[in-house]
Amino acid sequence: MVTHNNWLRTNIKERSNNKKSNFVINFFPYKFTNLSFQEECDVTCNMLAKKYSNIFVGLSGGIDSEFLCKIFYRNKIKFTPIVTLYEDNSDESFYAFEFCKKHNLSPIVLQLKKTEIVRIIQNDIVEKINGTGFYSVGAIAAAKYAEKCGDVFVEGQHIIGDGNQLIENFDYYLAEWDFYNDLLVKIDVVPFFLYRLELVASMLKEIKNEFLIWKNLKSEMFGCTAREKIKPKYDEKIEKLNSLFSIKSNDVNHEFNFGKFENLWEKINHANF
């Protein structure tokens, strides 16, 4: 994983040697001032365009990845979306194809068979990482394609919430499955909305009404129509297999919790005090 000034670091690579290590996040904040959220998105996008020449972006069809692609598109930055298809994700991928059609983009389309899904879950997520993020298969497959053809893979990771949960009740956290590709591919992997502290801070400053649900805040923040978060799913046999794998790794912490907003804000602003 690549972040500006290496400000955010995880221990996910330790899992290859110690399968029982809990997932840990460390912040190394630097002094910063920030622009508005939309401006910081544009700044980050153009920084990446100067650093990389062949950019691949994961496009699941979710609102985060769609907005990420919109940022590259409006800045006239050349990029290639990667859409991963499998039998049970047509509801979400529909939005990915609609976005590409509307903006005249030609995505790379990866069609995963059930055997490939099981192989990635068993060999990469379970055996290499002792992980439980089984719905990361699409992102892993996309990153492996980008590794062969490009010099960076950009994903839409962020630190805010999703869906219908009330913002007021939210405990902020980062999950290990958002960082699996750091261990599984050798190409640079950029978590876009976590790449720069300036962008993280500007995103958090958009939270002006804690009585909203995350879905509606994101709609306002991203400037797009609100829609339900579509939960990934596999067929019944794969889901049963995942349940068995989850039992085996339930003695490991797979998320790192920062607590309430005030605690998180203090951590990322530490260098500014």
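Residues numbered from 1 in each chain as written. Predicted model: local features only at pLDDT ≥ 70, side-chain atom pairs only at ≥ 80, totals over all residues. Heavy atoms only, no water.

Peer 1: Lay out the pattern of salt bridges in plain terms, naming residues and giving numbers.
Peer 2: Following the criterion strictly, the structure yields 14 salt bridges and no others. The residue Lys 114 makes a salt bridge to Asp 235 at a minimum N-O spacing of 2.8 Å. A residue pair is termed long-range when its members are at least 10 positions apart, and Lys 114 in helix H4 (residues 114-128) and Asp 235 in the loop between helix H8 (214-222) and helix H9 (236-248) qualify at 121 residues. Residue class for Lys 114 comes out partly exposed when judged on its relative accessible area of 40%. Measuring nitrogen to oxygen at the nearest pair gives 2.2 Å for the salt bridge that ties Asp 162 to Lys 218. Residue Asp 162 is located in the loop between strand E6 (152-155) and strand E7 (172-175), and its partner Lys 218 is located in helix H8; the two are separated by 56 residues in the primary sequence. (Salt bridge = Lys/Arg side-chain N within 4 Å of Asp/Glu carboxyl O. Helix = DSSP H or I, 4+ residues; strand = E, 2+ residues; numbered from the N terminus. Buried < 20%, exposed > 50% of the residue type's maximum accessible area, 1.4 Å probe, protein only.)

Peer 1: Outline the sheet that holds E6, listing residues and values.
Peer 2: Judged by pairing direction, the sheet is parallel, and its 5 strands sit side by side in the order E5-E4-E3-E6-E8 without closing on themselves. Pairing within the sheet leaves two strands with one partner each, and these edge strands are strand E5 (108-111) and strand E8 (188-191). Neighbour-to-neighbour, the strand axes of the sheet open up by a mean angle of 25°, direction not taken into account. (Pairing = 2+ DSSP bridges. Axes fitted to C-alpha atoms, helices over the stretch in contact; angles between N-to-C directions.)

Peer 1: Run through unusual backbone geometry, naming residues and quoting values.
Peer 2: The phi angle at Asn 5 is positive, at roughly 60°, despite the residue not being glycine. Along the polypeptide, Asn 5 turns up in the segment before strand E1 (8-10).

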